[in-house]
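Below are the chains, spelled out letter by letter.
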Amino acid sequence: MESAVSQPLSQRIQKLEESATIAMAQKAREFKAKGIDVISLSLGEPDFKTPRHIQEAAKAAIDEGKYFGYSPVPGYLDLRQAIADKLQRDNGLSYTPNQIVVSTGAKQSIANVFLCLLDPGDEVVVYSPYWVSYAEIIKVAEGVPVPIMGTLENNFKASAEQLKEAITDRTKAVIFSSPCNPTGAVFTRFEMEAMAEVLRKHPNIYVVADEIYEHINFQDEHVSIASMPGMYDNTVTVNGFSKGFAMTGWRLGYIAAPEWIAKACGKIQGQFTSGTNSIAQRAGIAALEGDMTAAREMKAAYQRRRDLVLELLKDVPGVKTYVPTGAFYLFPDVSDYFGKSDGDTTINNASDLCMYILNDAHVSLVTGEAFGAPNCVRLSFAASDEQLKEAIRRIKESLSKLN
Ligand code: PMP
Ligand code: GLU
């Protein structure tokens, strides 16, 4: 029950939206606790276990008995060196450990960066549809998110022309994820070069390139914008372990950036959280230096499931799809159902449709509104073939009741 006592929360927190991905996952858990068989396709998290050699490295670190104290705020030096080696090897990027800050998930990395770069009123161009937390983190940092919208016909990729038009005197930064959450879109080298071409003319604008789905890319090539001519000094590359190594609960992410930005991020992290979990950091070294077979197998499984879901959805009328080339999400346009009703419930928007599907089909999805795209819903295909087949069967049945 709400307390009658006044609750004078700050304006800052009152303006902040709850994370829709996390809220929907919580709803699904509540249904499950009541004994309802919910298929949860809402939370973006791998359904695989962390590869065995990474688990073993964490156990070994505990047994060594050396890693129980605070770690250096930006992360252990040997982890930062392993990250620098990875960036050189995989992405053609040269960084020293001083340019790297390890954080409690890429989520904290992104928060650090915006808190360090933005002054009140600074604008951030956000490639849309965007991951839920970008807009909210920007707002907490007193910045203004300026969305540029991709279309379904273009696999949801906004163009360089749109970027150019969105830039104003107040633009301080640009953020995108590639592969993208929620659409699975991946920028090609050509598209990234067009983006870089626009940004090279604006040396006061910083790019936050979120590459957390790097290892879940069904296209041939992962391109880091920091490796393009003229971009290194203006780019913060964000990456992490949650997705590619199935390590969401370990909470380990990082940035690689110009040293002055890394230093500032270390400063804020030193006041907020300190160095992230020591044992997770030791596990992170094993992930970066170890065998990538498990990561490749997970990627192949996601690609196969993407094809399965696309095939199954061909039989569901009114769900407009495209082919995601990375990550583990499909973000179909479901606006054909807006205005329809099953007799009791009228569907006015994507949020209504998600609630209807949760209540009627017992499948949890996330409304596109949370990602800046109100005609769509997000479906995570990080689930077993059986769950995906059953989920789409149930969704189809529930949608068929809407007229
Ligand atoms: N960026 C994107 C695009 C994401 O989907 C997520 C959510 N997993 C994150 C960053 C944050 O990941 P984490 O904090 O688990 O490293
Ligand atoms: N990023 C994942 C998602 O989009 C995990 C939940 C979250 O951190 O928002 O579902």
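Residues numbered from 1 in each chain as written. Chains lettered and ligands numbered in written order. Predicted model: local features only at pLDDT ≥ 70, side-chain atom pairs only at ≥ 80, totals over all residues. Heavy atoms only, no water.

Peer 1: Got a minute to help me understand the overall build of the protein chain in this structure?
Peer 2: Helix and strand content of the protein chain: 13 helices and twelve strands. A compact globule built from 403 residues should have a C-alpha radius of gyration of about 22 Å, and the protein chain, at 21 Å, falls within 12% of that. With the principal axes as the frame, the protein chain shows a C-alpha extent of 60 × 55 × 55 Å. For the protein chain, restricting intrachain contacts to residue pairs at least 6 apart in sequence, the fraction spanning at least 24 positions comes to 73%. A total accessible area of about 17,700 Å² is found for the protein chain, and carbon and sulfur atoms account for 52% of it. Distance between charge centroids for the protein chain: 3 Å, based on 41 positive and 49 negative side chains. (Helix = DSSP H or I, 4+ residues; strand = E, 2+ residues; numbered from the N terminus. Rg over C-alpha atoms; globule rule 2.2 N^0.38 Å. Contact = heavy atoms within 4.5 Å. Areas by Shrake-Rupley, 256 points an atom, 1.4 Å probe, with all protein chains shown as cover. Lys, Arg positive; Asp, Glu negative; His and termini not counted. Charge placed at Lys NZ, Arg CZ, Asp CG, Glu CD.)

Peer 1: What's the story with the pattern of salt bridges in this structure? I'm lost.
Peer 2: By the definition in use, this model includes 25 salt bridges. One salt bridge connects Glu214 with Lys86, and the closest N-O pair in it is separated by 2.9 Å. Of this pair, Glu214 sits in the loop between strand E6 (206–210) and strand E7 (235–240) while Lys86 sits in helix H4 (residues 77–91), and the two are 128 residues apart along the sequence. Relative accessible area serves as the criterion here: at 2%, Lys86 is assigned to the buried category. (Salt bridge = Lys/Arg side-chain N within 4 Å of Asp/Glu carboxyl O. Buried < 20%, exposed > 50% of the residue type's maximum accessible area, 1.4 Å probe, protein only.)

Peer 1: How should the layout of surface pockets be read in this particular structure?
Peer 2: Over the atoms rolls a probe the size of a water molecule, and its path tells where empty space is left. Considering only enclosed or pocket space, the largest pocket measures out at about 680 Å³ in volume. Lining the largest pocket are 28 residues, with Glu17, Glu18, Ser19, Ala20 and Glu136 sitting closest to its centre. For the lining of the largest pocket, the secondary structure elements donating two or more residues are helix H2 (20–33), helix H5 (105–117), helix H6 (132–140), helix H12 (350–361) and strand E11 (366–367). Among the elements that make up the lining of the largest pocket, the one with the highest residue count is H6 (six residues). Its boundaries defined by the atoms lining it, the second largest pocket holds a volume of some 420 Å³. Around the second largest pocket, the lining is made up of 23 residues, and of these Gly44, Lys107, Trp131, Lys243 and Arg251 lie nearest the centre. Among the elements of the structure, H2 and H5 are those that each provide at least two residues to the lining of the second largest pocket. (1 Å grid on protein atoms, 1.4 Å probe; cavity = no way out; pocket = protein on both sides within 12 Å on 5 of 7 lines; lining within 4 Å. Points joined across faces, edges and corners; volume = space filled by probe spheres on them.)

Peer 1: Got a minute to help me understand the site of ligand 2 in this structure?
Peer 2: Neighbouring ligand 2 are Ser19, Thr21, Leu43, Gly44, Lys107, Trp131, Asn181, Lys243, Tyr329 and Arg378. Between ligand 2 and Arg378 there is a distance of 2.8 Å, counted from an oxygen atom to a side-chain nitrogen or oxygen. In isolation ligand 2 exposes 280 Å². Once the protein is present, 87% of that is buried. Put simply, ligand 2 lies in the second largest pocket. Residues of the shell around ligand 2, tallied by class, amount to three nonpolar, four polar and three charged. (Near = heavy atom within 4 Å. Polar contact = N/O pair within 3.5 Å; in protein donor to acceptor, adjacent residues only side chain to side chain. Sits in = over half its atoms within 2 Å of the grid points. Nonpolar A, V, L, I, M, F, W, Y, C, P; charged D, E, K, R; others polar.)

Peer 1: Would you mind going over the site of ligand 1 with me for this structure?
Peer 2: Around ligand 1 sit Gly105, Ala106, Lys107, Trp131, Tyr134, Asn181, Asp210, Ile212, Tyr213, Ser242, Lys243 and Arg251, and that is every residue in its neighbourhood. A distance of 2.7 Å separates an oxygen atom of ligand 1 from a polar side-chain atom of Asn181. Asp210 places a side-chain nitrogen or oxygen 2.6 Å from a nitrogen atom of ligand 1. In isolation ligand 1 has 400 Å² of accessible area, and contact with the protein removes 94% of it.

Peer 1: Would you explain the sheet that holds strand E12 (residues 377–380) in this entry?
Peer 2: Hydrogen bonds along the backbone pair up the strands of a sheet, which may run parallel or antiparallel. Taking strand neighbours across the sheet as the criterion, the three strands line up as E9-E12-E11 in an open arrangement whose pairing is antiparallel. The strands lining the two open edges of the sheet, one partner per strand, are strand E9 (329–330) and E11. Here two bridges tie E9 to E12, and the two strands are oriented antiparallel to one another. Opposite Tyr329, over in E12, you have Ser380 as the bridge partner. (Pairing = 2+ DSSP bridges.)

Peer 1: Looking at this structure, how should I read unusual backbone geometry?
Peer 2: With the exception of glycine, the majority of residues adopt a negative phi angle, and the majority of peptide bonds are in the trans configuration. Cis rather than trans, the peptide bond between Ser128 and Pro129 has omega equal to -5°. Following the sequence through the fold, Pro129 ends up in the loop between strand E3 (123–128) and H6. In this structure, Pro179 follows Ser178 across a cis peptide bond, with omega equal to -10°. Mapping Pro179 onto the fold places it in the loop between strand E5 (171–177) and helix H8 (189–199).

Peer 1: So what exactly am I meant to see when it comes to the environment of Ala84 here?
Peer 2: Summarising the element assignment, Ala84 is placed in helix H4. Between the alpha carbons of Ala84 and Val334 there is a distance of 43 Å; along the sequence they are 250 residues apart.

Peer 1: Would you explain the sheet that holds E3 in this entry?
Peer 2: Reading across the sheet, the seven strands line up as E2-E8-E7-E6-E5-E3-E4 and stay open at both edges, with mixed pairing between neighbours. Because the sheet does not close on itself, it has two edges, and the strands there are strand E2 (100–103) and strand E4 (144–149). Each neighbouring strand pair of the sheet contributes to a mean axis angle of 20°, computed without reference to strand direction. The sheet contact formed by E3 and E4 spans six bridges and is parallel. Bridge pairing in E4 links Val126 to Pro147. Contacts between H5 and the sheet are confined to E2, E3, E5, E6, E7 and strand E8 (253–256), with E8 contributing the most and set at about 40° to the helix. (Axes fitted to C-alpha atoms, helices over the stretch in contact; angles between N-to-C directions.)

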